[in-house]
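# Examining the three-dimensional arrangement
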Amino acid sequence: MKIILASQSPRRKELLSRLVSEFAIQPADIDETPIDGEDPIAYVQRMAYEKAQAVVEQQTEQTLVIASDTTVIHHQKILGKPVDLADAKATLRSLSGETHQVYTAVVLKSKEREERILAQAEVTFYPLTEKEIDTYLATGDYQDKAGSYGIQSFAGAFVKEISGDYYSIVGFPIGAVNQALKEFLL
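A brief report on the enclosed structure follows. (Residues numbered from 1 in each chain as written. Predicted model: local features only at pLDDT ≥ 70, side-chain atom pairs only at ≥ 80, totals over all residues. Heavy atoms only, no water.)

### Remarks on the overall build of the chain
This is how the line gets drawn: Each helix is a run of DSSP H or I of at least 4 residues and each strand a run of E of at least 2, with the numbering of both proceeding from the N terminus. We compute the radius of gyration over the C-alpha atoms and compare it with the globule rule, which gives 2.2 Å times the number of residues raised to the power 0.38. Under the scheme applied here, a residue whose accessible area is under 20% of the maximum for its type counts as buried, over 50% as exposed, and between as partly exposed, the area being computed with a 1.4 Å probe on protein chains only. Contact definition: two residues touch when any of their heavy atoms are within 4.5 Å. To be clear on the numbers: accessible area is Shrake-Rupley with a 1.4 Å probe, and residue cover counts the displayed protein chains and nothing else. His is not counted, nor are the chain ends, whereas Lys and Arg count as positive and Asp and Glu as negative. Charged side chains are reduced to one point each, which is NZ for Lys, CZ for Arg, CG for Asp and CD for Glu.
The secondary structure content of the chain amounts to six helices and seven strands. Relative to the globule expectation of 16 Å for 186 residues, the C-alpha radius of gyration of the chain, 17 Å, shows essentially globular dimensions. On the principal axes, the C-alpha backbone points of the chain span a range of 50 × 35 × 25 Å. Buried residues in the chain amount to 48% of all 186 residues. Contacts in the chain between residues far apart in sequence, at least 24 positions, make up 68% of those at least 6 positions apart. When the accessible surface of the chain is summed, it comes to about 9,300 Å², and 47% of that surface belongs to carbon and sulfur atoms. Averaging the positions of the 19 positive and the 27 negative side-chain charges in the chain gives two centres separated by 4 Å.

### Description of the pattern of salt bridges
Formally: The term salt bridge refers to a pairing of a side-chain nitrogen on Lys or Arg with a carboxyl oxygen on Asp or Glu at a separation within 4 Å.
Per the stated rule, a full pass over the model turns up 12 salt bridges. Glu 38 is paired through a salt bridge with Arg 46; the nearest N and O atoms lie 2.7 Å apart. Per residue, the accessibility class of Glu 38 equals that of Arg 46, and both read buried. Linking Asp 134 and Lys 89 is a salt bridge whose minimum nitrogen-to-oxygen distance equals 2.7 Å. In this pair, Asp 134 sits in helix α4 (residues 130-138) while Lys 89 sits in helix α3 (residues 85-95), placing the two residues 45 residues apart along the sequence. Given the relative accessible area of 36%, Asp 134 is considered partly exposed. Residues joined in a network through salt bridges with shared partners are Lys 89, Arg 93, Glu 130 and Asp 134.

### Side note on the pairing of strand β5 (residues 99-109)
Looking along a regular strand, one sees the side chains alternate between the two faces of the sheet. Rules: Two strands make a pair as long as DSSP finds a minimum of two bridges between them.
Of all the 11 residues making up β5, 10 are buried; the element is thus mostly covered by neighbouring parts of the structure. Across nine bridges, strand β3 (residues 63-74) lies against β5 in antiparallel orientation. Paired with Thr 71 across the strands is Tyr 103, a residue of β5. Pairing of β5 with strand β6 (residues 114-125) involves 11 bridges; the strand directions are antiparallel. Across the sheet, the residue bridging to Ala 105 is Leu 118, located in β6. Between β5 and β6, which pair antiparallel in sequence order, lie four residues.

### A word on the nonpolar core
Convention followed: Throughout, nonpolar core names a set of buried Ala, Val, Leu, Ile, Met, Phe, Trp, Tyr and Cys residues whose side chains join them through atoms within 4.5 Å.
Counting residues in each nonpolar core, the largest one holds 38 residues, and the members touching the most others are Ile 66, Leu 108, Phe 125, Tyr 136, Tyr 149 and Leu 181. For this core, the element with the highest residue contribution is helix α6 (residues 174-184), accounting for five residues. Contact partners of Leu 108, with chain neighbours within four places excluded, come to Leu 64, Val 65, Ile 66, Arg 113, Glu 114, Glu 115, Ile 117, Ala 180, Leu 181 and Phe 184. Core analysis: the second largest hydrophobic core is formed by 18 residues, Ile 4, Ile 30, Val 56 and Ala 67 among them.

### A word on α4
Quick reminder of the rule: To obtain the arc, one takes the directions from the helix axis to the C-beta atoms.
Taken together, the buried positions of α4 are occupied by Ile 133, Tyr 136 and Leu 137. An end-on view of α4 places all buried positions within 100° of arc, on one side of the element. Every exposed residue of α4 that faces more than 90 degrees away from the buried side is listed here: Lys 131 and Ala 138. Of the surrounding elements, those touching the buried residues of α4 are α3. Directly after α4, the chain includes Gly 140, whose backbone phi takes a positive value near 80°.

### Overview of the pairing of β3
In terms of residue burial, β3 counts as a mostly covered element, since 12 of its 12 residues are buried. Of the two faces of β3, the one lined by Thr 63, Val 65, Ala 67, Asp 69, Thr 71 and Ile 73 and the one lined by Leu 64, Ile 66, Ser 68, Thr 70, Val 72 and His 74 are each fully buried. In the sheet, strand β1 (residues 2-5) pairs with β3 via four bridges, with the strands oriented parallel. Residue pairing across strands places Leu 5 opposite Ile 66, the latter belonging to β3. Note: β3 against strand β4 (residues 77-79), three bridges, orientation antiparallel. Across the sheet, the residue bridging to Val 72 is Leu 79, located in β4.

Keep in mind these numbers describe shape, not what the thing actually does.
This is the structure we're talking about:
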């Protein structure tokens, strides 16, 4: 069975390569705008499903599509990818010394079957100085990342405590995906 990862994320590509030796990359082109009043968990699950569905619909052969979406939630507000440097800085200031939630939804889908995963973690940041925030932002690592940070790189130094699935924070809960793949590929 052909496997497609519906993502351009280098992190997701690396993690999936630990589970399967061959797969294609085909990002889904969908509107990622939250619906007014949409629950953050419902949002992340909808995004993963719509990405998977968009790519599955384009397939002519037996294919398994794996799509994922990650959202950061702070005080019940979705902290998406930053629109610019100022937005990223404001986001990191708001997370400083606080606890936030990270949810990653994954959908494994073929034309006949689907499996859904929702992984979560709580992340507590140390209080951050302006210099720490500015130094991190200067790396550019915040770009294209929900919550304006990537835990697997420089921003890992901001983390005081994690409760839950570390890989949900990275954006691909590898353990849960491995279990779903075993069931899916039987």
